[in-house]
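Analysis of the macromolecular model
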Amino acid sequence: MVDVMTPQTPQWWKKPDVKKTAILWVICTAVIGFVGVEFHVRSMVRPASETMSGVISLMRIFTWAAAPVAGLVGAMCITVLTSKRHYGDNPPAEADHEIRNSPRATALWVVVSGILCLFALVTGMIVLQQDNKAVLDTQAIQINVTGQQWVWNFDYANGARSQDLYLPVNKPVVFHITSKDVKHSFWIVQMGIKMDANPGYTTETAVTPDKIGVFDVRCAELCGLLHAYMQTKVHVVSQADYDAWLTAHAATEAGA
Amino acid sequence: MTTLTHKSVAAPGKSIIEKLNVFTALALGIITAVVVWRLSLAFLPQDADGATMFTREDKITLLSMCGWFVGFMTGIGALVGPFRWLMGKDLSHDENMFLAGQDMGPKRYLRYTTDHKVVGIQYLFITILIFFLGGGLAMLIRTNLGHATGGWIHPQAYNSIVGTHGILMIVGTIIMVTGPFGNFIMPIMIGARDMAFPRLNALSFWLIVAAAVPLMWGQFIGGISTGWSAYNPLASQAPLGMDGYIMYICIFAVSTMVAGANITTTVVKMRAKGMTWNRTPIFIYGTVASVALALPAFPVFFLSQVLSAFDRALGTTFYNTAGGGSGWLYENLFWIMGHPEVYVILIPAIAALMEMAPVFTRRPLFSFNVAIMGIAGISGLSALVWAHHMYMSGWAPLLNAPFMITTELISIPTGMLFLVLVGTLWRGRLWMTMPLMSIFALLWNFMIGGITGIYLSDVPADAFLHGSMYVTAHFHYTLMGAGLTGALASLVYWFPKMTGRMFDKTLSWVSFWLVQIGFNVAFVGMFAVGLAGQPRRVESYAPTFNTGNLITTIGAYTIMIGMLVLLYGVISSARNGVKAPKNPWQAKTLEWTVDYPIPLENFDVLPIVTADAYGYGKAKS
Ligand code: HEM
Ligand SMILES: [Cu+2]
Ligand SMILES: [Cu+2]
């Protein structure tokens, strides 16, 4: 049994197919990384919160981290496919070169995938921890979200209630989410947050919108007949507009 | 061999065994169902006027379906053996020979036949049927979503189509490799005369047939409007069709457990002399890992549905928070089954391609040990990752980090499988055939499926991606791009052994490219709309998603054409394809040492194994 790493005549790294693969590896990595990142970033919605910007840069980083691995597999496949092809109804002669295993290649492969895995974990944990902390912010605006088949209701601290969500820009918000009937999932698309609405429980998620504009809330959990239509808008407005809206609605809603 | 003597089985005064077949089963099933239905209509008490839950109709439906099940299984002959045991006897030799289906022609495919080769073909047939039905539903979904101005299918019907498509395909992909090839090929590959428990083998197949009927029945009583995951409390609110889903899963779970016990025992106990674990082909490892994963997973699935049935029919509140239960209980039970299940699907398909890789590169499998470590690592870890499907459920936010760790760790053993495949291809002599190209297709598709899996396993990214079309595209890349690709390659590869004829080469190529290109077009489009914010399981969507959905629909039609070409290839090649030589691929596993038609007990003389099956080429050192 021969080790792939042990030098043969000539040294293994000087063999033409190895050289070809090495060049292809660089090219494949670059192409995969670039195309992968562009595909994700261009397809994704424009961010309306730092959370969402974070998600987008995570995708960027992960794609570039995965690109060398995918690139190596791709490069080896291309090298293999561009040499020694055999067509016909009978098999080609058996390959004379026999590498039945290679502890060193295996070890290297496992170590590299381990490191990548660790990297993904650490990156994920850091962001996760920030997201978790945001939920505990007592200074934040607190809004109760109630899903029911097939509308969203939003209750504000001063008693106002709406079916379109209103938020001031650059202020942290904590949502307390529940449901009246079956499971729904509260998703503010452009802000990159999502949390299920469970009947009988209250769950939390938090975000700080950083753009003025109108964004989408969609239900992300199949909840029956009109699930596809269970969507509404988020209006992110200036603090002044928000205060005005809130007082106007507190009056009407409280009286109703 | 005394067992091979020919006895006249059609002696006058046919025994009960000889009278039973699929038609008696259908008849008895229907009669019992109707009788139980009338009886329960007559005798079950009305729901009290003030009752909070109206459960009578669910009771009636479930009881009738149980009636169908008992009637069908009795009618097919599953109870003959157990009854004999009750009377302190067993089946006679003649009866066993009859059950094995010796010299009975095509009729044995319609009976409770115990020969593993017959069961394999039966499985192949039902797998094709399931894919045909499930694929038809997929085309309805894609046609509905392809239209820019939104759907033409009623939302209730649409939801039911989505759910039925999902659960049909899940069952189809679970059985697509271990069913046809695990039953037909596996025993020959290990040099055995049959499975360890031939009657259980027949049982596992006919249970699937029995299960399919309640699912179809459910379509006519409100459908399965909850998606394949059938989350509660939505499922307790759903129409009576849900009871069809429940019965389907319960019966199918039993079938899986029976098959799992049978396959595991066969491999452990019945390998040929000399076939040590080091010499056991990798496909066998894949099959065993798959059913071994299913063994603990499916009882949980069964349980989850039994509780669901209780909630619906008896007014219990296992999943109802108002009554002290919790929908999260259901989610946990479901995904404790659900994640291992995706590897139940994937592992045998990859293992089959690993089996083919040495054959079509004419060199040994690279690092047999690493392949086994990969399979074992995936199997072990996959029991510990289920809550990555529940990151956003709110169940236990503090457990998100640990589940993120276990999920991302799976990429290490998964990487090993890639290493084995590319290592085998490297410096191989490529024999350009459809199974060989399927290995490349799998590497491509599973790379995409695996990497997107890592994005999904990252909790903050999943907060955006969960519940979107991105998830749908991810699991189609793994289940279809990787799993189905392996199954189709297996079909072409083992076709000569199963039918005696070669699969038409041109048709295999045409269908391969249509399916693979269509697939990638379809699901890249789906990734894009997912990233743009389209939720899954919706029957209409915002205009921004038009282009992506149209692309997906075009891809889906391409897949459909490819699959129809494949189906045509199966039928035409089986009827008048080129007669296959004994070992058309010059492979070294045992199934290629037997002649077609394969004798009832496979080998006249049991083989003795002296080396592994990968000794291609000469060792150079
Ligand atoms: C590298 C390995 C993989 C990782 C890290 C991974 C990760 C994930 C994650 C985190 C989810 C949940 C996404 C969400 O709902 O928000 C998911 C969903 C899913 N994955 Fe994977 N996955 C991997 C491989 C596979 C394989 C091999 C299969 C099948 C053969 C598969 C099938 C599925 C299915 C069916 C779902 C969605 C189920 C549903 O919600 O209906 N995955 N995957
Ligand atoms: Cu919904
Ligand atoms: Cu999973």
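Residues numbered from 1 in each chain as written. Chains lettered and ligands numbered in written order. Predicted model: local features only at pLDDT ≥ 70, side-chain atom pairs only at ≥ 80, totals over all residues. Heavy atoms only, no water.

1. Thoughts on the coordination of the copper ion (ligand 3)
Reference values for coordination geometry: four tetrahedral donors around a metal ideally subtend 109.5 degrees, six octahedral donors ideally subtend 90 or 180 degrees. Residues and elements named next belong to chain B. Let me state the cut-off plainly: Donor selection uses N, O and S atoms within 2.8 Å of the metal (3.2 Å for Na, K and Ca). Since no water is included, sites may look incomplete. Partly exposed residues are those whose accessible area sits between 20% and 50% of the maximum for their type, while under 20% is buried and over 50% is exposed, using a 1.4 Å probe and protein chains only.
Around the copper ion (ligand 3), the donor atoms from the protein are H339 (ND1), H388 (NE2) and H389 (NE2), and they sit 1.8 to 2.0 Å away. Within one chain, the residues serving as donors to the copper ion (ligand 3) are arranged as H-x48-H-H. The metal-metal distance between the copper ion (ligand 3) and the iron atom of ligand 1 comes to 4.5 Å. We classify H388 as buried; its relative accessible area is 14%. Note on H389: relative accessible area 22%, which makes it partly exposed.

2. Section: the coordination of the iron atom of ligand 1
For clarity, the cut-off: Strands here are runs of E lasting at least two residues and helices are runs of H or I lasting at least four, both read from the DSSP assignment and numbered beginning at the N terminus.
In this structure the iron atom of ligand 1 is ligated by exactly one protein donor, B:H474 (NE2), at 2.2 Å. With respect to the helices and strands, the residue B:H474 is situated in helix α20 (residues 469-499).

3. Observations regarding the pattern of salt bridges
Convention followed: One speaks of a salt bridge when a side-chain nitrogen belonging to Lys or Arg is within 4 Å of a carboxyl oxygen belonging to Asp or Glu.
Scanning the model with the defined rule gives 16 salt bridges over all chains in all. A:R42 is the salt-bridge partner of A:E38, the closest N and O atoms lying 2.7 Å from each other. Taken together, the residues span about one helical turn, with A:E38 and A:R42 both in helix α1 (residues 16-43) at a distance of 4 residues. Owing to a relative accessible area of 24%, A:E38 belongs among the partly exposed residues under this scheme. The partner of B:R199 in a salt bridge is B:D90, with the nearest N and O atoms 3.3 Å apart. Separated by 109 residues along the polypeptide, B:R199 in helix α10 (residues 198-219) and B:D90 in the loop between α4 (80-86) and α5 (93-100) bring together distant segments of the chain.

4. Focus on the interface of chain B and chain A
As a reminder, the rule being used: We call two residues in contact when some of their heavy atoms are within 4.5 Å. Buried area is a sum: the accessible area each of two parts loses on coming together, probed at 1.4 Å, counted once for each and added. Two N or O atoms form a polar contact when they lie within 3.5 Å of each other; inside protein one atom must be a possible hydrogen donor and the other a possible acceptor, and for residues adjacent in sequence the pair counts only when both atoms belong to side chains. In this count, Pro and Cys sit with the nonpolar residues alongside Ala, Val, Leu, Ile, Met, Phe, Trp and Tyr, while Asp, Glu, Lys and Arg are called charged and the others, Gly among them, polar.
Between chain B and chain A, the residue contacts involve 94 residues of the former and 85 residues of the latter. Regarding the contact of chain B and chain A, the summed buried area is about 7,900 Å², with carbon and sulfur atoms giving 66% of it. If you look at where chain B meets chain A, you find 5 salt bridges. One salt bridge in this structure joins A:D89 and B:K505, with 3.2 Å as the shortest N-O distance. Viewed at the interface, chain A and chain B are joined by 26 residue pairs in polar contact (both at pLDDT 80 or more). If you tally residues by element for the side of chain B that touches chain A, the top one is helix α17 (residues 411-425) of chain B, at 8 residues. For the side of chain B that touches chain A, the per-class residue count stands at 51 nonpolar, 27 polar and 16 charged.

5. Thoughts on the pairing of strand β7 (residues 184-188) of chain A
Residues and elements named next belong to chain A. Heads up, the condition is: By definition, two strands form a pair when at least two bridges between them are found by DSSP.
With 5 of 5 residues buried, β7 is to be regarded as a mostly interior element. Burial of the side chains of β7 extends over both faces: H184, F186 and I188 are buried on one face and S185 and W187 on the other. In terms of strand pairing, β7 meets strand β8 (residues 193-197) through 5 bridges, oriented antiparallel. Following the sheet pairing, F186 is matched in β8 by M195. Where β7 hands over to β8, the hairpin turn is made up of 4 residues, of which G192 adopts a positive phi near 65°. Examined bridge by bridge, β7 and strand β10 (residues 213-219) share 3 bridges and lie antiparallel to one another. The partner of W187 across the bridge, within β10, is R218.

6. So, the packing of helix α7 (residues 155-178) of chain B against α20(B)
All names here are of chain B. Stated precisely, the cut-off is as follows: Lines fitted to C-alpha atoms define the axes, with helix axes restricted to the stretch in contact, and inter-axis angles between N-to-C directions lie between 0 and 180 degrees. What sets the label is the angle itself: under 35 degrees gives roughly parallel, over 145 gives roughly antiparallel, 65 to 115 gives roughly perpendicular, and the rest give oblique. A crossing counts as left-handed when the near helix is turned anticlockwise from the far one by less than a right angle, and as right-handed when that turn is clockwise.
Where α7 meets α20, the axes come as close as 10 Å, and the angle between the chain directions of the two elements is 40°. On the basis of their axis angle, the class for α7 and α20 is oblique. As α7 runs across α20, the sense of the crossing is left-handed. Here α7 contributes H165, I170, M176 and V177 to the contact with α20, which in turn contributes H476, L479, G483, L484 and A487. A class-by-class count of the residues in the contact of α7 with α20 yields 6 nonpolar, 3 polar and no charged.

7. A short note on the site of ligand 1
Residue and element names in this part refer to chain B. To be explicit about the condition: Whether a residue is near a molecule or strand depends on its heavy atoms: it is near if one of them lies within 4 Å of it.
Every one of the 22 residues lining ligand 1 counts as a neighbour, but W228, D462, H466, H474 and R536 are closest to it. Between D462 and ligand 1, the recorded distance is 2.6 Å, taken from a side-chain N or O atom to an oxygen atom. Here H474 contributes a side-chain N or O atom positioned 2.9 Å from a nitrogen atom of ligand 1. In terms of residue count, the dominant contributor to the shell around ligand 1 is helix α18 (residues 434-457) (6 residues). Along the lines of polarity and charge, the residues of the shell around ligand 1 split into 11 nonpolar, 9 polar and 2 charged.

8. Looking at the sheet that holds strand β3 (residues 151-155) of chain A
All names here are of chain A. Pairing is mixed in the open sheet, where 5 strands are placed in the order β4-β3-β2-β6-β9. The sheet terminates laterally at β4 (161-162) and β9 (203-207), the two strands that pair on one side only. Here strand β2 (residues 141-148) runs beside β3; their pairing, made up of 5 bridges, is antiparallel. What sits directly across from G147, in β3, is W152. Running at roughly 110° to β9, helix α3 (residues 103-135) makes contact with β6 (173-179) and β9 of the sheet.

9. Let's talk about a nonpolar patch on the surface
All names here are of chain A. Note the cut-off: Each patch groups residues whose relative accessible area exceeds 30% and which form no salt bridge, using 9 Å between like charges and 5 Å between nonpolar side chains of Val, Leu, Ile, Met, Phe, Trp and Tyr. Only the protein chains shown count as cover for residues, and the accessible areas themselves come from Shrake-Rupley with a 1.4 Å probe.
Taken together, the side chains of I23, V26, I27, V31, F34, V35 and W64 make up a nonpolar region of the molecular surface, amounting to roughly 690 Å² of accessible area. For the nonpolar patch, the element with the most residues is α1, which contributes 6 residues. Position of V31 relative to the elements: it lies in helix α1. The class for V31 is partly exposed, based on a relative accessible area of 45%.

In short, shape yes, function no, at least from these values alone.
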